[in-house]
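Understanding the architecture of this molecule
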Amino acid sequence: MTNNSLFHHSRLKLALAYAGVMGSTLLLCGYIAHIVMVKAFTRTVDRELQIFGKVFEVKLQQDLKTPGELSINTQKSLPGLCFQKQVCLPIKSESELSDLLTQGYYLRFLKPSGEVIAAIGNNPDEFPSNVYLNHSYDIRNRQGELYHLHLIPIKIKNGQLWGYLEVGRSIQKLNDYMNSLHLLLGLGIPFSMIMIGGTGWWLAGLAMQPIEKSYQQLQQFTADAAHELRTPIASLQTIVETNSIPQATQQSLQRQVTRLVTLIQDLLLLSKLESGTQAAKWQQICLNDLVTDVEEELMPMAMEKAVTLSINVAEENYCYIQGNESQIYRMLLNLVSNAIKYTAAGGQVQINLTTKDKQGIITIKDTGMGIPVADIPHIFERFYRVNADRSRNTGGSGLGLAIALAITQTHKGKLEVQSQIDQGSTFTVTLPLVATLNK
Ligand code: ADP
């Protein structure tokens, strides 16, 4: 991943996390406020209806004698009483009751079984009978208006249940108000999320500016230092080659200088790959040819170590990717040479090439020493070695896998590893294919 895309990615992640946390807090607060509001209103309405019903209960208790029956006295004392299947006439008197009924209140009498007997000033069948004896519930009337109904048991003198008084009140206005609130929240929350996301993006940019700057400086330093070291090391190499130094010393010096040269080249390549300034020499590359070339180049190394190096291209096709050929070659060279380096004599290294879902998959499988589980997350870091002594013997600098990973990522691919100690390791490179041709 190049610096730019790395910082862009982190900035986006920060902005999304910020929007996510703020958005969920907002949603949670809104939800709690909504629940509290609805609960408070329902309680107020219930209490109001209970008080309203109690007034009647006291008034009625003296006249009611037989359960489920309204006595003549009661009927006389209640203007506008309307029995089931009877035409209901409006209340003539300008009583408080008629005022309340026109304000959206509802009143009816139910038998102990919950069936309707009569209602006051309204159709008794405005709502279905309450046979389940729901204590407090919301229901729509025949015109579709929403009501909240409350059931009050009425007892007669001997303590026996006479039936129920059901009082109700229209809550249509509250419901409309709640619906508009939901709409407002439905539109407001996405809008706020966009605003929060934008602010998060801006804040993350601000917070990352110094980090980005120091990271760039660090990388610039690595690139500059490597660049500056090239000339003196080249002179050193010439001196070692041309001066009459004892042969053993010369060989040792030569080895060290070669290591230094490789190290500097690797550092330069890494900083170019990560800064994304690498000249785009991209072309179509045939993976089949590339794996064969890598095998040919590393065969002498494998033979010297008595490791069997083989190649298995299962595909009927030639697979092509778009990329920088020398970089992909370098990546494969690093992985296969590692496999040979870390496999003891008599072991095997196999290179496989397959395709799946428009992806070219190259696996490099060895039967070597494997990598401890604790080291696996770190092996792609620069200069990381599983066991410093072990790697020093192999002459590695610890940059090989970091370079391989940077190259794979530059080519929008993936590099994964599976390994078991003393059993071997499998490195899998997945690269997006641009074409396949029949052999
Ligand atoms: P080095 O130059 O030390 O090989 P690399 O970056 O190529 O550096 O690898 C990092 C470390 O990962 C190595 O030191 C080695 O311990 C471990 N490693 C890499 N490839 C293999 C492998 N195929 N089998 C076992 N260990 C491996």
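Identification of the chain as histidine kinase from Richelia sinica FACHB-800 is taken from an unreviewed UniProt entry. Recorded in UniProt under Catalytic activity (unreviewed entry), the annotation for the chain is "ATP + protein L-histidine = ADP + protein N-phospho-L-histidine." Per UniProt, the chain has the following entry under Subcellular location (unreviewed entry): "Cell membrane".

Structural notes on the sheet that holds strand 1 (residues 81-83)
Judged by pairing direction, the sheet is antiparallel, and its six strands sit side by side in the order 1-3-2-6-5-4 without closing on themselves. Unpaired on one side and paired on the other, strand 1 and strand 4 (136-140) mark the two borders of the sheet. Neighbour-to-neighbour, the strand axes of the sheet open up by a mean angle of 30°, direction not taken into account. Sheet topology places strand 2 (residues 105-110) next to strand 6 (residues 161-170); six bridges connect them, and they run antiparallel. Directly across from Phe 109, in strand 6, lies its bridge partner Leu 165.

What to know about the pattern of salt bridges
This model, assessed by the stated rule, comprises three salt bridges. The closest approach of N and O atoms between Glu 166 and Arg 108, which form a salt bridge, is 2.7 Å. Here Glu 166, found in strand 6, pairs with Arg 108, found in strand 2; they are 58 residues apart in sequence, far enough to count as distant. Taken individually, Glu 166 and Arg 108 each receive the classification buried, so the pair is uniform in this respect. Here Asp 266 ties to Arg 330 by a salt bridge, and the two come within 2.7 Å at their closest N and O atoms. Separated by 64 residues along the polypeptide, Asp 266 in helix 5 (residues 247-275) and Arg 330 in helix 7 (residues 325-341) bring together distant segments of the chain. You can call Asp 266 buried: its relative accessible area is 6%.

Things to note about the UniProt feature "transmembrane region" (unreviewed entry) in the chain
According to UniProt, the "transmembrane region" (unreviewed entry) feature falls on residues 15-37 and 183-204. Structurally, residues 15-37 comprises 100% helix and 0% strand, and the distance from its first C-alpha atom to its last is 32 Å. Counting secondary structure, residues 183-204 comes out at 100% helix and 0% strand; the distance between its end C-alpha atoms is 31 Å.

Some remarks on unusual backbone geometry
Peptide bonds are, in most cases, trans, and in most cases residues other than glycine have a negative phi. The phi dihedral of Phe 383 falls on the positive side, at around 60°, and the residue is not glycine. Within the fold, Phe 383 resides in the loop between strand 11 (359-366) and helix 8 (388-394). By relative accessible area, Phe 383 is classed as partly exposed at 42%.

Notes on a nonpolar patch on the surface
A contiguous nonpolar surface patch, about 460 Å² in accessible area, is contributed by Tyr 18, Met 22, Trp 202, Leu 203 and Leu 206. Those elements that place two or more of their residues in the nonpolar patch are helix 1 (3-61) and helix 4 (172-242). If one sorts the elements of the nonpolar patch by residue count, helix 4 sits on top with three residues. By the element assignment, Leu 206 lies in helix 4. Judged by its relative accessible area of 42%, Leu 206 is partly exposed.

Here's the deal with the packing of helix 6 (residues 287-304) against helix 7
Orientation of helix 6 relative to helix 7, taken along the N-to-C sense of each, is 40°, at an axis distance of 10 Å. Here helix 7 runs oblique to helix 6, going by the angle between their axes. Both helix 6 and helix 7 take part in a crossing whose hand is right-handed. On the side of helix 6, the interface is formed by Leu 287, Leu 290, Val 291, Asp 293, Val 294, Glu 297, Leu 298, Met 301 and Ala 302, while helix 7 contributes Glu 325, Ile 328, Tyr 329, Leu 332, Leu 333, Val 336, Ser 337, Ile 340 and Lys 341. When grouped by side-chain class, the residues that make up the contact of helix 6 with helix 7 number 13 nonpolar, one polar and four charged.

Reading the values: rules and limits
- Residues numbered from 1 in each chain as written.
- Predicted model: local features only at pLDDT ≥ 70, side-chain atom pairs only at ≥ 80, totals over all residues.
- Heavy atoms only, no water.
- UniProt positions renumbered as here; feature names shortened; annotations may be inferred.
- Pairing = 2+ DSSP bridges.
- Helix = DSSP H or I, 4+ residues; strand = E, 2+ residues; numbered from the N terminus.
- Axes fitted to C-alpha atoms, helices over the stretch in contact; angles between N-to-C directions.
- Salt bridge = Lys/Arg side-chain N within 4 Å of Asp/Glu carboxyl O.
- Buried < 20%, exposed > 50% of the residue type's maximum accessible area, 1.4 Å probe, protein only.
- Patch = residues over 30% accessible without salt bridge, like charges linked within 9 Å, V, L, I, M, F, W, Y side chains within 5 Å.
- Areas by Shrake-Rupley, 256 points an atom, 1.4 Å probe, with all protein chains shown as cover.
- Parallel < 35°, antiparallel > 145°, perpendicular 65-115°, else oblique.
- Left-handed = near helix turned anticlockwise from the far one by under 90°.
- Contact = heavy atoms within 4.5 Å.
- Nonpolar A, V, L, I, M, F, W, Y, C, P; charged D, E, K, R; others polar.

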